[in-house]
Number of protein chains: 8
Amino acid sequence: MADFKAGKLSESDAAKLISDAQTMDLGHTKIDRSRRGRTGVGEVVYGAGKTPRQILEIMGAIVSEGSPVLATRLNADAMEMLKAEFPQGRANEIARAFSVGSENREKSGGFVAIVSAGTSEMPVAEEAKATLEFLGVRAECFYDCGVAGLHRLLEKIERIRQAEVVIAVAGMEGALASVVAGLVKEPVIAVPTSVGYGANFGGLAALLSMMNSCANGVSVVNIDNGFGAAYNAYLIAGKSRL
Amino acid sequence: MADFKAGKLSESDAAKLISDAQTMDLGHTKIDRSRRGRTGVGEVVYGAGKTPRQILEIMGAIVSEGSPVLATRLNADAMEMLKAEFPQGRANEIARAFSVGSENREKSGGFVAIVSAGTSEMPVAEEAKATLEFLGVRAECFYDCGVAGLHRLLEKIERIRQAEVVIAVAGMEGALASVVAGLVKEPVIAVPTSVGYGANFGGLAALLSMMNSCANGVSVVNIDNGFGAAYNAYLIAGKSRL
Amino acid sequence: MADFKAGKLSESDAAKLISDAQTMDLGHTKIDRSRRGRTGVGEVVYGAGKTPRQILEIMGAIVSEGSPVLATRLNADAMEMLKAEFPQGRANEIARAFSVGSENREKSGGFVAIVSAGTSEMPVAEEAKATLEFLGVRAECFYDCGVAGLHRLLEKIERIRQAEVVIAVAGMEGALASVVAGLVKEPVIAVPTSVGYGANFGGLAALLSMMNSCANGVSVVNIDNGFGAAYNAYLIAGKSRL
Amino acid sequence: MADFKAGKLSESDAAKLISDAQTMDLGHTKIDRSRRGRTGVGEVVYGAGKTPRQILEIMGAIVSEGSPVLATRLNADAMEMLKAEFPQGRANEIARAFSVGSENREKSGGFVAIVSAGTSEMPVAEEAKATLEFLGVRAECFYDCGVAGLHRLLEKIERIRQAEVVIAVAGMEGALASVVAGLVKEPVIAVPTSVGYGANFGGLAALLSMMNSCANGVSVVNIDNGFGAAYNAYLIAGKSRL
Amino acid sequence: MADFKAGKLSESDAAKLISDAQTMDLGHTKIDRSRRGRTGVGEVVYGAGKTPRQILEIMGAIVSEGSPVLATRLNADAMEMLKAEFPQGRANEIARAFSVGSENREKSGGFVAIVSAGTSEMPVAEEAKATLEFLGVRAECFYDCGVAGLHRLLEKIERIRQAEVVIAVAGMEGALASVVAGLVKEPVIAVPTSVGYGANFGGLAALLSMMNSCANGVSVVNIDNGFGAAYNAYLIAGKSRL
Amino acid sequence: MADFKAGKLSESDAAKLISDAQTMDLGHTKIDRSRRGRTGVGEVVYGAGKTPRQILEIMGAIVSEGSPVLATRLNADAMEMLKAEFPQGRANEIARAFSVGSENREKSGGFVAIVSAGTSEMPVAEEAKATLEFLGVRAECFYDCGVAGLHRLLEKIERIRQAEVVIAVAGMEGALASVVAGLVKEPVIAVPTSVGYGANFGGLAALLSMMNSCANGVSVVNIDNGFGAAYNAYLIAGKSRL
Amino acid sequence: MADFKAGKLSESDAAKLISDAQTMDLGHTKIDRSRRGRTGVGEVVYGAGKTPRQILEIMGAIVSEGSPVLATRLNADAMEMLKAEFPQGRANEIARAFSVGSENREKSGGFVAIVSAGTSEMPVAEEAKATLEFLGVRAECFYDCGVAGLHRLLEKIERIRQAEVVIAVAGMEGALASVVAGLVKEPVIAVPTSVGYGANFGGLAALLSMMNSCANGVSVVNIDNGFGAAYNAYLIAGKSRL
Amino acid sequence: MADFKAGKLSESDAAKLISDAQTMDLGHTKIDRSRRGRTGVGEVVYGAGKTPRQILEIMGAIVSEGSPVLATRLNADAMEMLKAEFPQGRANEIARAFSVGSENREKSGGFVAIVSAGTSEMPVAEEAKATLEFLGVRAECFYDCGVAGLHRLLEKIERIRQAEVVIAVAGMEGALASVVAGLVKEPVIAVPTSVGYGANFGGLAALLSMMNSCANGVSVVNIDNGFGAAYNAYLIAGKSRL
């Protein structure tokens, strides 16, 4: 500790003592066993760029420890393998997500509203839903709320206003986030999607639109990041339950 | 004409015969005297980058021929000089526009609706209004229609629907264009503005947003181009009057 | 209504009464049955990202109600399935569009001119044509009008000038929109296309070019958006017929 | 109401009944008098682009109604005028913000942590602080936490962890948001700033960095938008107090 | 002609008289038969996006008229079909170009130098070479001249200096254009290529580099546009021969 | 020389022998005295970022050696100082250029055509003209040729076709370059200008437009680079005179 | 030499004498035989865009001369062919790199630390490692150091501080480079990777982040350029050994 | 420590013990007194955005502790105040840098070469020089080495090759970095500058160019970051002296 005070900055020695045996090594991946204790949430496996076999091994290792686990961005092969291997799991085909178990949070009556324009945004919206369910938070999806047909959103707005947090998922011009935020008093997490073509530039149009929202109460996550929006909503929604 | 047919492409000789005496040369500027006969609309002077003195000379030359003329993007000095020189003219201080005379179009009962969020977009919206008035088309401005407070737009929507064309002027995320287009059956000309900061990138956010509108019936002009939107609206509105 | 006045904003309750039974739910898609009454135009199915089977189901549901329907951005499989299923339909192979029925608008003698440089822009130009035909508006295509060989455009300009609206479809540098707008008195809807390579950046070059047109009367829709240009043209052309 | 059901969409008539006398018109600005009832928060005046005189008039009108009001992005002249006119007001010189009164929220023991690297980000961080104080939420600033000297952040992390929400303000590479989010369990609102030069491109580098955070629990607002981050934090922090 | 003078602009009528029978219509393509008379150069078929069958038909039609023709950007199938169909043709496998016949320009002793770094730029450099040969201009390629090994360029510079025009083909940072232009007195046509990865952004890095060349005498064509560079070189080189 | 062959690359020793006394050192600037012998063209002073005093010293030093010299991008102060100091010099006020003497090239009857839309592009077009005159090449300017009024260009096209090279100067959408190149057989050097606003992005729109020209024979120099275009034209035009 | 002094710049003649027989020509590739003598490092074959057969021939030619050689960016087929052909070689499957022999540098006790977040960056980090090993420099990889879990980096920091140079490999927001550079005294070479999605824009987010690092001692190489980082580290590390 | 192990992550408590009294608080700035002990280098004051008075106070506080200090990016007023206040200091007027004292590193015979094209890059190159001198490393500047006149670089290359590290400072197309790196065996730190106009986009062209260098051994720092390049060079050069 004297050396440390002397400015040599050896936080590492202290830290090393702590983290022994906190990771499990599968060769291709090291699993962070302390994350759940640290953050209250278990591992989430980002499936893109991993082989079905690797995903299976990672999930098997976590499940074998009795921990809940969620995987996102799975391709069709991985989905099939996981469904076969973990019959007790829950698959969300549209989201391409699969979970085994879930965090046992105490349920309040509250819920998170996921609002989007429709068919094309469904994979992202459902990723948010699957994530919230894994995290023990109830989610309700409000599809078919594109701003080009405002009456469809207005029909549902009373229910949306009862949510603890709102997730607005929108591609193309991303106007939904501003419109929703102008109609509710709760925080709005905006998810731009890559849905669109041409001057949409892979979601950039919706991203910039949401960053510049004229409505108060909007914050933004990465393009297509349904998981990230759900995680933020979970953190926020949790506050009402303490 | 034989040479011409032989593929030597001398359209120029023919054209030269026609356009004699069609331009007036002021040294710094050549005025296109045939434009009004050709397009039905006189010269419009784009004031940015010209000295007050140059603007005065151009407008004086046109007025002295008995033609109507509009100038836009004027700075304060140019505005003062023009007001002193042409007491019969009409100044729009917010738009920084000045006109002498106007096209004598036969008035129908129709009008163009100019919809915007408010204070910051007013210079662009008023440029559209001043242009339409110069072109002999009636314009009504609907300010305070930002999508963050949707009820303000909905209050006015019945009247907006009676317009022949709608111009939607919006900065920041530009969502107004989509929302308005979803509520009316008329064509919507969208004008992105450079109002905003940060990730607005000088109007790029609103521009991309409007290009990607999920609503049908939206077309877009350049950032801050109130004049251009008005010119398009004038062309379209004219159709109901033929 | 008292609560509503008190500022609690329950437009939704009112709206909910209205829209009962306005949508038909196919599982993957909700069909907006009130759109045609609301906007005068039936559903248009955007085929990209949908399976042939989904497209077939959507179109079948709409046709079974006796409504006209148009589908765009179809792949070869979807085209084949639709042609087999709806022998009464109309296929535009170049546009990859298919329609059953059309809006029964009263025909005027007028038409919309679709001008483009040629082969590469044909799919976009034909999408505009198929859309206009579905909407009951006559369209004439003027191919082979690239600005690099101006005489080809000049040959056809007399006929183009007789159109009610002009759609200019151009990739590469998009100069066609400015040149055409300088030669006609009607509104020009410009469609940048993604045709090109290198510094074309997926249509960005043509898009920026068209946004900055030095000619009056040009407004722009999204890259490759033949449908959107046609929809705008339909709205504008309709004005001459009232 | 029958017409309404028939799909003619006249929400506007209903809405018009409600909003009578909800705005106060100052000529240059319409003040939304119903906003506070609607959202629980009074008007916030965005000072950029307004003259000191306009700002003074707007604030005077609101104060004369007995409502609290906050102004941001004030230049030196506006600050001086407001301090002279409203001696009871509160000025934050670094933030260039000025408020009269504040929302009387019931205070909890909680607070929002505002974390940043130091001197250059102070105007944005202080804008967040001034906003939170206006909204009745306690804020603590943790300056000098740049990631280049991690020990400075680690010294303060215990206190930061006690916050209800964390606002991370960072220019240059924006890494602070990820590092902080990895160390706390609360939601992190990230504010990219335009501090930097060269390849920072006016804050774009920090913005993209924060959008791509590898840490969970981060959402992002516009570049330099201290106000927006504070508003989000206020909405979230409020949840612990219900 | 009176109408024409009156400003009705009917250049088209005149032009129509001329261009009768100047195009040959293959259904998918209209061939411009007058181009060669007009510009001295026959049709060049841009193969990208056309089927091998379409390319074959176009070339067959031109060849059957006794005109020379060049096709570029051919895929392997098209190359095979053309070689089988036109045994008298000339194939450049690296350039993916194929020509039948060539312009019979009077040969001078001069040549165009094509300079590039090596293997990766060869397809673009060879497209330039095949084009020049088709146009009747002699071309010499100087590969292996990357600026990272300056001695390789310096070895060849005496010969390069004897060229009438220099084409510099370079990907990555595109520095070759500046270095070459600093060493020769002739005009340098720079061709950025899309060779590279990461921050090369599809050739943008080389394009911007070449546009900003500190050396005099450099002008730039589109990314990978070997054909365009050759066409410019042909126009310039021709001047020495008049 | 043995070491050199051994791969140690000491070109520098050889080069050092040669270049002795080839530069003149003014403290702030080193003047390259051998450039004229090497390239046939004397020094050109780029005035932007230099003080009037520095420019005066540089030009004085060159003139005192009896060499011709050109300065571009001069501000008003520098222009005045130079006119006073060198009464024998030639000033181009629009171009903000000043020259003393010129290269004594043997005059042919040929000329370079500089084509542009008009007033706004004049500074760039005149910079090209001043440069060509300094280089001993005759230049003719064709203003008022914007593509929005095609007849103005067609009137002049016969004369433009007689030029040895064409320089096309255009801001906004830059379409002029394509249109001109489609009408002439000579090489076209395109100069995008920063004239415009909004989605013009400082000349980027015109630059991309010109890079993607659908017409053959166009190459492009940097935005506003009238000097560079002229230098290229000078190199090309020279070929007809050998 | 007299001509040379006279300014005709014939460095090439001199250079030509030197470089005779320095390249070996394989048809598709010229191998630079003098590079190793010149720079101390043999050829490195960039495998992307080359066929397995071409790679095999190049490596065979170099090996047959007794020189060491490294190939990077190999696809699976090329890896298999090389392993079969050169059983004495060393394959790094994750890096997709293969080497035969290595530079025989005198080993010091020193090493280069390669730090990264984990699984996704492994191919780039391993490319750096394979390169360093080929160059005769010892490398240690420190995976699982993402800034979202700072304790993992702090555990290893003592060892990382003992390195001569640090390579920081990071995708997403690239914060790792700044954090590491704040903790060590050695130079940090930062490698942005294309790992991520959405607003990551192919590695641009990490690249800009690293360019704007608030920590001293960071320099940056191209996206995914593990080879380049290693080469720089090799040059720097070499200094401690002289 | 038990709590710490339990995953509550209180590194902060440990750290707090250490850093007591390590900062000096001037109100506007906190000075990091431990930095010099920690990194071997004292504070460097970034002058941009600070008032002359603030800079004076910061430097006074550091000097009064007997530590050396460097300030960069100073405006004229700050330079004057510092020269008056610290007559013992060293001013570099071109770099706009000022230092009092310097690090007493043991001098080797080695030096860092700073290579640039000339006048315009001098402020950045001199910032690098002033920084190196402050850090106790000898620097030599090689101006007038633009790649457009290669002989000027080749003349000096023998001396540049003797440096321990090379800093290449270049604006416009940034080609200098690649050319230099191809001629030396030492590491090259490339500094893009914002010198240029048009498609240079504030230094982006040079930045991308340098990131894509075809030469080995180049790493890049931020645009105009002479200080950063020097700091890296100092870290690398130090290695030869251990």
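Note that the coordinates shown come from a computational prediction; the quantities given were computed from them, not determined experimentally.

Our focus in this paragraph is the overall build of chain A. Along chain A, the regular secondary structure elements total ten helices and eleven strands. Buried residues in chain A amount to 63% of all 242 residues. Across chain A, the fraction of contacts at a sequence separation of at least 24, relative to all contacts at a separation of at least 6, is 66%.

Attention now moves to the domain arrangement of chain A. All names here are of chain A. The assigned domain composition of chain A is domain 1 (25-100) and domain 2 (112-238). Centre-to-centre separation of domain 1 and domain 2, based on C-alpha positions: 25 Å. The contact between domain 1 and domain 2 buries some 1200 Å² in all, and 66% of this surface belongs to carbon and sulfur atoms. Across the domain 1-domain 2 interface, the total number found is two salt bridges. Arg 73 is paired through a salt bridge with Glu 127; the nearest N and O atoms lie 2.9 Å apart. For the pair domain 1 and domain 2, the interface holds four residue pairs in polar contact (both at pLDDT 80 or more). Those elements that place two or more of their residues in the side of domain 1 that touches domain 2 are strand S4 (69-72), strand S5 (90-92) and strand S6 (97-100). In terms of residue class, the side of domain 1 that touches domain 2 is built from nine nonpolar, five polar and three charged.

This part is about the packing of aromatic side chains. In the structure shown here, the tally under the stated rule is 26 aromatic pairs over all chains. Centre to centre, the rings of B:Tyr231 and B:Tyr234 are 5.5 Å apart; their planes meet at 65°, and the pair counts as edge-to-face. Here B:Tyr234 and B:Tyr231 lie together in helix H10 (residues 226-237), a separation of three residues that amounts to about one turn. Residue classification places B:Tyr231 among the buried positions, given a relative accessible area of 7%. With 6.1 Å between their ring centres and 45° between their planes, F:Phe227 and F:Tyr231 make a pair best called tilted. Of this pair, F:Phe227 and F:Tyr231 both sit in helix H10 (residues 226-239), four residues apart, roughly one helical turn.

All right, on to the sheet that holds strand S3 (residues 44-46) of chain C then. Residues and elements named next belong to chain C. Spatially, the four strands line up as an open sheet ordered S3-S4-S6-S5, and their pairing is mixed. The open sheet has two edge strands, S3 and strand S5 (90-92), and neither has a second partner. When the angles between neighbouring strand axes are averaged without regard to direction, this sheet yields 15°. Pairing between strand S4 (residues 69-72) and strand S6 (residues 97-100): three bridges, direction antiparallel. In the strand pairing of S6, Leu 70 is matched with Ser 99. Relative to S4, helix H4 (residues 52-64) is tilted by about 165°, and along the sheet it contacts S3, S4 and S6. Here helix H6 (residues 122-134) sits on the sheet and contacts S3, S4, S5 and S6; the angle it forms with S4, its principal contact strand, is near 175°.

Let us look at the side chain of H:Glu140. All names here are of chain H. Within the secondary structure, Glu 140 is located in strand S8 (residues 139-142). Looking at Glu 140, the relative accessible area reads 19%, which means it is buried. Of the polar contacts made by the side chain of Glu 140, one reaches the side chain of Arg 138; its length is 3.4 Å. If we ignore the near neighbours within four places in the chain, the residues touching Glu 140 are Phe 111, Val 112, Ala 113, Ile 114 and Arg 159.

All right, on to the relation of the copies chain A and chain D then. Rotating chain A by 180° and moving it 0.0 Å along the rotation axis overlays it on chain D with an RMSD of 0.0 Å. Both chain copies can therefore be described as sitting about a two-fold axis. When the interface residues of chain A are mapped onto chain D, 100% of them are again interface residues, pointing to one common binding face.

Once that is clear, we can look at unusual backbone geometry. The phi dihedral of D:Phe201 is positive, around 45°, even though this residue is not glycine. Using a relative accessible area of 28% as the deciding quantity, one classes D:Phe201 as partly exposed.

On to helix H4 (residues 52-64) of chain H, then. Residues and elements named next belong to chain H. In this model, H4 (13 residues) spans 18 Å end to end at C-alpha, consistent with the 18 Å of a helix rising 1.5 Å per residue. Every buried residue of H4 is listed here: Ile 55, Leu 56, Ile 58, Met 59, Ala 61 and Ile 62. Count one or two residues on from H4 and you reach Gly 66, which has phi positive near 80°.

All right, on to the sheet that holds S5(A) then. All names here are of chain A. Taken together, the four strands give an open sheet; going across it, the order is S3-S4-S6-S5, and neighbouring strands pair in mixed fashion. The strands lining the two open edges of the sheet, one partner per strand, are strand S3 (44-46) and S5. Taken pair by pair, the neighbouring strands of this sheet meet at an average axis angle of 15°, ignoring direction. As defined by bridge partners, S3 adjoins S4 across three bridges and the pair is classed as parallel. In the strand pairing of S4, Val 45 is matched with Ala 71.

All names here are of chain E. Relative to the helices and strands, Ile 55 resides in helix H4 (residues 52-64). In the structure, Ile 55 is positioned 66 residues away from Glu 121 in sequence and 25 Å away in space, judged by C-alpha atoms. Ignoring anything within four residues of it in the chain, the contact list for Ile 55 reads Gly 47, Lys 50, Leu 74, Ala 78 and Leu 82.

All names here are of chain H. One way to put it is that helix H7 (residues 150-160) packs onto helix H8 (residues 176-183) with a least axis distance of 12 Å and a crossing angle of 35°. Considering the relative orientation of H7 and H8, their crossing is right-handed. Contacts from Leu 150, Leu 153, Leu 154 and Ile 157 of H7 reach H8 at Leu 176, Val 179, Val 180 and Leu 183. A per-class count over the contact of H7 with H8 returns eight nonpolar, no polar and no charged.

Moving on to the pairing of strand S10 (residues 188-192) of chain A. All names here are of chain A. Of all five residues making up S10, five are buried, and the element is well covered by its neighbours. Here S10 shows no split at all, with Val 188, Ala 190 and Pro 192 on one side and Ile 189 and Val 191 on the other all buried. As paired strands, strand S9 (residues 165-170) and S10 are joined by five bridges and run parallel to one another. Across the sheet, residue Ala 168 finds its bridge partner in S10, namely Ala 190. With helix H8 (residues 176-183) bridging S9 and the parallel S10, this β-α-β connection has right-handed handedness. Each parallel crossover has a hand, and the one from S10 via helix H9 (residues 204-211) to strand S11 (residues 218-220) is right-handed.

Moving on to the interface of chain A and chain D. If you look at the interface, chain A gives 30 residues, while chain D gives 30 residues. Around 2600 Å² of area is buried between chain A and chain D when both sides are counted, 57% of it from carbon and sulfur atoms. Together, A:Lys185, A:Met211 and A:Lys239 form the three largest contributors to the area buried by chain A at its contact with chain D, with a combined 26%. Applying the counting criterion to the chain A and chain D interface returns zero salt bridges. Here chain A is connected to chain D by six residue pairs in polar contact (both at pLDDT 80 or more). Residue assignment for the side of chain A that touches chain D shows that the elements contributing at least two residues are helix H3 (35-39), helix H7 (150-161), H9, S11 and helix H10 (226-238) of chain A. Considering every element that reaches the side of chain A that touches chain D, the biggest residue donor is H10(A), with five residues. Considering only residue class, the side of chain A that touches chain D consists of 13 nonpolar, ten polar and seven charged.

So, on to the pattern of salt bridges. With the rule as written, the count across this model stands at 72 salt bridges over all chains. A salt bridge links F:Arg138 to F:Glu140, with the nearest nitrogen and oxygen atoms 3.4 Å apart. Using a relative accessible area of 39% as the deciding quantity, one classes F:Arg138 as partly exposed. Within this structure, A:Glu80, A:Lys83 and A:Glu93 form a network of salt bridges that share partners.

Criteria and cut-off values
Residues numbered from 1 in each chain as written. Chains lettered and ligands numbered in written order. Predicted model: local features only at pLDDT ≥ 70, side-chain atom pairs only at ≥ 80, totals over all residues. Heavy atoms only, no water. Helix = DSSP H or I, 4+ residues; strand = E, 2+ residues; numbered from the N terminus. Buried < 20%, exposed > 50% of the residue type's maximum accessible area, 1.4 Å probe, protein only. Contact = heavy atoms within 4.5 Å. Domains from an automatic or database assignment. Buried area = accessible area lost by both parts, 1.4 Å probe. Salt bridge = Lys/Arg side-chain N within 4 Å of Asp/Glu carboxyl O. Polar contact = N/O pair within 3.5 Å; in protein donor to acceptor, adjacent residues only side chain to side chain. Nonpolar A, V, L, I, M, F, W, Y, C, P; charged D, E, K, R; others polar. Phe/Tyr/Trp six-rings, centres within 6.5 Å; stacked < 30°, edge-to-face > 60°. Pairing = 2+ DSSP bridges. Axes fitted to C-alpha atoms, helices over the stretch in contact; angles between N-to-C directions. Least-squares fit on C-alpha atoms with pLDDT ≥ 70 in both. Expected span 1.5 Å × (residues − 1). Left-handed = near helix turned anticlockwise from the far one by under 90°. Right-handed = clockwise from strand over helix to strand, strands pointing away.

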